[in-house]
Amino acid sequence: MLDVEQLLSRFNPATGEISGVPVVKRHLGDLRGCFADPKAYEAALAQSNPLLYSVAAVEPAGGDGDLHYGVGMIMPGKIGDEYFMTKGHLHSWRPAAEFYFNLAGKGMMLLEDEATGESRMVELLPTVAVYVPGHTAHRTMNVGRTPLTYLGVYPAKAGHDYAAIARNNFRCAILERHGKPELIERKTLPSAASYP
Ligand code: PA5
Ligand code: MN
């Protein structure tokens, strides 16, 4: 049996930190090609390179039955009409599902079935846990005005595969329309023309 301290994870919902765990930071410059409006992206980046999100991941070496988890914190803000968000990924071991829990703030998740491209916009709010099925690309955004923090729990053997998203991005984007998040097919956006 593990020690009591090893059975606990002490996290801070206000900072997204987990005690004793290193934090990986992603800045605007790390998300080239992710946002729907490349002109707005380049203009924002020419001004500054703000922190978009951080992740503290606990991924110890262990058996296949283990769980890994991470606490993410996404800052409030937008590029054009698109909320600050994560790069997004599939799991390297595609059948791996994940559970997301809101710790603070107001979030939204974009889920995309890898086989069909079917997309869903799902609220990540306090009192609502989001189940991300296997074979599903997922990206998280902060749709509120304060930092969003959340916890994601996934099988130890899940792994993170960023390559497919880096190549094709998601089929849809979540943009602010009339003050509210809306799921929009990227190919219908005027800025889609400026993508290769
Ligand atoms: O494993 C997860 O799904 C999360 O902990 C993410 O890694 C976190 O939300 C950051 O997103 P991404 O890994 O797409 O940069
Ligand atoms: Mn994941």
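I will try to describe carefully the structure that is included in this document.

Section: the overall build of the chain
Reasoning step 1: Check the secondary structure of the chain and you find three helices and 17 strands.
Reasoning step 2: In summary, the chain has a C-alpha radius of gyration of 17 Å against a globular reference of 16 Å for 196 residues, a match within 12%.
Reasoning step 3: Dimensions of the chain, computed from the C-alpha atoms along their principal axes, are close to 55 × 35 × 30 Å.
Reasoning step 4: Across the 196 residues in the chain, those meeting the buried criterion constitute 41%.
Reasoning step 5: A separation of at least 24 residues holds for 70% of the contacts in the chain among residues at least 6 apart in sequence.
Reasoning step 6: Accessible surface for the chain amounts to roughly 10,300 Å². Of this, 55% is attributable to carbon and sulfur atoms.
Reasoning step 7: Within the chain, one finds 19 positive and 21 negative side-chain charges whose respective centroids are separated by 6 Å.

Thoughts on the site of ligand 1
Reasoning step 1: As a structural note, the neighbourhood of ligand 1 is formed by 13 residues, with Tyr53, Tyr100, Tyr150, His160 and Tyr162 the closest of them.
Reasoning step 2: Between ligand 1 and the protein, one listed contact pairs an oxygen atom with a side-chain N or O atom of Tyr162 at 2.5 Å.
Reasoning step 3: In isolation ligand 1 offers 380 Å² of accessible surface; the protein chains occlude 97% of this area.

Points about the packing of aromatic side chains
Reasoning step 1: Under the defined criterion, the tally for this structure stands at four aromatic pairs.
Reasoning step 2: A centroid spacing of 5.5 Å and a plane angle of 55° characterise the contact between Phe99 and Tyr131, whose relative ring orientation is tilted. Taken together, the positions of Phe99 in strand β9 (residues 98-104) and Tyr131 in strand β12 (residues 129-132) put the pair 32 residues apart, joining distant regions of the chain.
Reasoning step 3: For Phe99, a relative accessible area of 35% puts it in the partly exposed group.

Comments concerning a nonpolar patch on the surface
Reasoning step 1: Where nonpolar side chains cluster on the molecular surface, the patch consists of Met1, Leu2, Val4, Leu7 and Leu8 and spans about 600 Å² of accessible area.
Reasoning step 2: Within the secondary structure, Met1 is located in the segment before α1 (4-7).

Topic: the sheet that holds strand β13 (residues 136-142)
Reasoning step 1: Taking strand neighbours across the sheet as the criterion, the three strands line up as β11-β10-β13 in an open arrangement whose pairing is antiparallel. The open sheet is flanked by β11 (119-124) and β13, the only strands paired with a single partner. Strand after strand, the sheet turns through a mean of 20° between neighbouring axes, direction not considered.

Here's the deal with the sheet that holds β12
Reasoning step 1: Across the sheet, six strands lie side by side as β3-β4-β5-β14-β9-β12; this open sheet has antiparallel pairing. Only two strands of the sheet have a single neighbouring strand rather than two, namely β3 (23-27) and β12. Between one strand axis and the next, the sheet turns through 20° on average, direction left out of account.
Reasoning step 2: Across four bridges, the pairing between β9 and β12 is antiparallel. Bridge pairing in β12 places Phe101 opposite Ala129.

Let's talk about the pairing of strand β10 (residues 107-113)
Reasoning step 1: Among the seven residues that make up β10, six are buried, leaving the element largely enclosed by the rest of the structure.
Reasoning step 2: As paired elements, β10 and β11 share six bridges and run antiparallel to each other. Bridging across to β11, Met108 finds its partner in Glu123.
Reasoning step 3: Linkage of β10 to β11, two consecutive antiparallel strands, is achieved through a turn of five residues, within which Gly117 is found at a positive phi near 80°.
Reasoning step 4: Pairing of β10 with β13 involves seven bridges; the strand directions are antiparallel. Residue pairing for β13: Gly107 is matched across the bridge by Asn142.

Here we look at the pattern of salt bridges
Reasoning step 1: For the structure on display, the rule yields eight salt bridges.
Reasoning step 2: With a closest N to O distance of 2.8 Å, Lys78 and Glu176 form a salt bridge. Highlighted residues: Lys78 in strand β6 (residues 78-79) and Glu176 in strand β16 (residues 172-177), separated in sequence by 98 residues.
Reasoning step 3: Residue classification places Glu176 among the partly exposed positions, given a relative accessible area of 26%.
Reasoning step 4: For Glu118, the salt bridge identified is with Arg120, shortest N-O distance 3.1 Å.

Scoring rules and cut-offs
Residues numbered from 1 in each chain as written. Chains lettered and ligands numbered in written order. Predicted model: local features only at pLDDT ≥ 70, side-chain atom pairs only at ≥ 80, totals over all residues. Heavy atoms only, no water. Helix = DSSP H or I, 4+ residues; strand = E, 2+ residues; numbered from the N terminus. Rg over C-alpha atoms; globule rule 2.2 N^0.38 Å. Buried < 20%, exposed > 50% of the residue type's maximum accessible area, 1.4 Å probe, protein only. Contact = heavy atoms within 4.5 Å. Areas by Shrake-Rupley, 256 points an atom, 1.4 Å probe, with all protein chains shown as cover. Lys, Arg positive; Asp, Glu negative; His and termini not counted. Charge placed at Lys NZ, Arg CZ, Asp CG, Glu CD. Near = heavy atom within 4 Å. Polar contact = N/O pair within 3.5 Å; in protein donor to acceptor, adjacent residues only side chain to side chain. Phe/Tyr/Trp six-rings, centres within 6.5 Å; stacked < 30°, edge-to-face > 60°. Patch = residues over 30% accessible without salt bridge, like charges linked within 9 Å, V, L, I, M, F, W, Y side chains within 5 Å. Salt bridge = Lys/Arg side-chain N within 4 Å of Asp/Glu carboxyl O. Pairing = 2+ DSSP bridges. Axes fitted to C-alpha atoms, helices over the stretch in contact; angles between N-to-C directions.

Everything listed here is a matter of geometry and, on its own, says nothing about what the molecule does.
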